[in-house]
Each structure stands twice: as C-alpha cells, then as structure tokens.
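Chain and residue survey
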Amino acid sequence: PFEKMAAASPLALALFADLALGLVQSKVLDAKQREMVDLAVSQLNDCGFCATFHTDMAVKAGVSKADVDETAAGGLPQQDRNLRVLVQAAVDRI
C-alpha cells in the first residue's frame, strides 16, 4: 500500500508525487478520467487510503455516484461508456 511505500522510501514518494503532478499539468486526461483510473488502480493495489481519496475526488470531479461506487467495489463504470472503456484499458495494462 501507498502508506508503506511512503514510510519505506521518501524518494519513491517524491517520484510518485512528481508523476502525479505531471499528469495533472499535462491535461492528457480530464479530472473525471484521471480520478477514475486512479480509483481503479487504488483498488487493484489494495490501498484503502488512496481508494478513499480518489473516491472523494471522483465525486468532486462530477463522476456519477453509481459509477464511483461500482469502481470502488472493483467493477467498471456502467453509466459513462467512455469512462468504462478507459478504466478497463488502464486495468488491463496493470
């Protein structure tokens, strides 16, 4: 989990923060897309802290509660087809 990585390696945490900031600044993905991918990855990594954070951020970005809840439970978004395809592609690459 993220907490263990952060405690074990401040350098890894710093690199992760730089990567995350780069994604935000690049605007390749919009906020909804980014948060849903991050939520799905958090579930795969079994990081409760990250999953909770990205669940909240996805809702704030405007993702439907149903799609957020489905993804938080380990599934795929069902209401937004574009998010479903993106999240599936991201999960398939891990």
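Computed from a predicted model, the values in this text were never measured in an experiment. (Residues numbered from 1 in each chain as written. Predicted model: local features only at pLDDT ≥ 70, side-chain atom pairs only at ≥ 80, totals over all residues. Heavy atoms only, no water.)

Focus: the overall build of the protein chain
Inclusion rule: Strands here are runs of E lasting at least two residues and helices are runs of H or I lasting at least four, both read from the DSSP assignment and numbered beginning at the N terminus. Think of it in three bands: with a 1.4 Å probe and only protein chains considered, a residue is buried below 20% of the maximum accessible area for its type, exposed above 50%, and partly exposed in between. Residue contacts are defined here by distance: any two heavy atoms, one from each residue, within 4.5 Å place the two residues in contact. For accessible areas, the Shrake-Rupley method is used with a probe of radius 1.4 Å. Any residue's cover is judged against the shown protein chains and nothing else.
Of regular secondary structure, the protein chain possesses six helices and zero strands. For the protein chain, the succession of helices and strands along the chain, N to C, is α-α-α-α-α-α. Here the protein chain holds 94 residues, and the buried ones make up 22% of them. In the protein chain, once contacts between residues fewer than 6 apart in sequence are set aside, the share between residues at least 24 apart is 47%. When the accessible surface of the protein chain is split by element, carbon and sulfur atoms take 60% of a total near 6,000 Å².

Some details on the nonpolar core
Rules: Here, nonpolar core means buried Ala, Val, Leu, Ile, Met, Phe, Trp, Tyr and Cys residues that are tied together by side-chain atoms lying within 4.5 Å of each other.
Met36, Leu39, Ala40, Ala51, Ala58, Val63, Val68, Leu83 and Val87 together form the largest nonpolar core, which totals nine residues. Within the residue set of this core, elements represented by two or more residues are helix 3 (31–44), helix 4 (48–61) and helix 6 (81–92). Counting residues per element, this core draws most heavily on helix 3, at three residues. Ignoring any residue separated from it by four or fewer positions in sequence, one finds Ala58 in contact with Glu35, Met36, Val63 and Val68.

Description of the pattern of salt bridges
To keep it simple, the criterion reads: What counts as a salt bridge is simple: a side-chain nitrogen of Lys or Arg found within 4 Å of a carboxyl oxygen of Asp or Glu.
One pass over the structure, following the stated rule, counts one salt bridge. Note that Lys65 is salt-bridged to Asp69, the shortest N-O span being 3.1 Å. Placement of both Lys65 and Asp69 in helix 5 (residues 65–72) is noted, with a separation of four residues, approximately one turn of the helix.

With respect to the confidence of the model for the protein chain
Heads up, the rule is: pLDDT is a per-residue confidence score from the predictor, ranging from 0 to 100.
Per-residue confidence for the protein chain gives a mean pLDDT of 83, with 71% of residues at or over 70. Taken element by element, the protein chain is modelled with least confidence in helix 2 (residues 10–26), mean pLDDT 62, and with most confidence in helix 5, mean pLDDT 96.

Points about the packing of helix 3 against helix 5
This is how the line gets drawn: Here an axis means a line fitted to C-alpha atoms, over the contact stretch when the element is a helix, while the angle between two N-to-C directions is reported on a 0 to 180 degree scale. For classification purposes, angles smaller than 35 degrees are called roughly parallel, those larger than 145 roughly antiparallel, those between 65 and 115 roughly perpendicular, and all remaining angles oblique. Gly is placed with the polar residues, together with every amino acid not listed as nonpolar (Ala, Val, Leu, Ile, Met, Phe, Trp, Tyr, Cys and Pro) or charged (Asp, Glu, Lys and Arg).
The geometry of helix 3 relative to helix 5 is characterised by a closest axis approach of 9 Å and an angle of 25 degrees between their N-to-C directions. By the angle between their axes, helix 3 is roughly parallel relative to helix 5. The residues of helix 5 that touch helix 3, namely those facing Met36, Leu39, Ala40 and Gln43, are Asp67, Val68, Thr71 and Ala72. Here the residues of the contact of helix 3 with helix 5 sort into five nonpolar, two polar and one charged.

Structural notes on unusual backbone geometry
Working note: non-glycine residues mostly have negative phi, and peptide bonds are mostly trans. Although it is not a glycine, Asp46 sits at a positive phi angle of roughly 55 degrees. For Asp46, the position within the fold is in the loop between helix 3 and helix 4.

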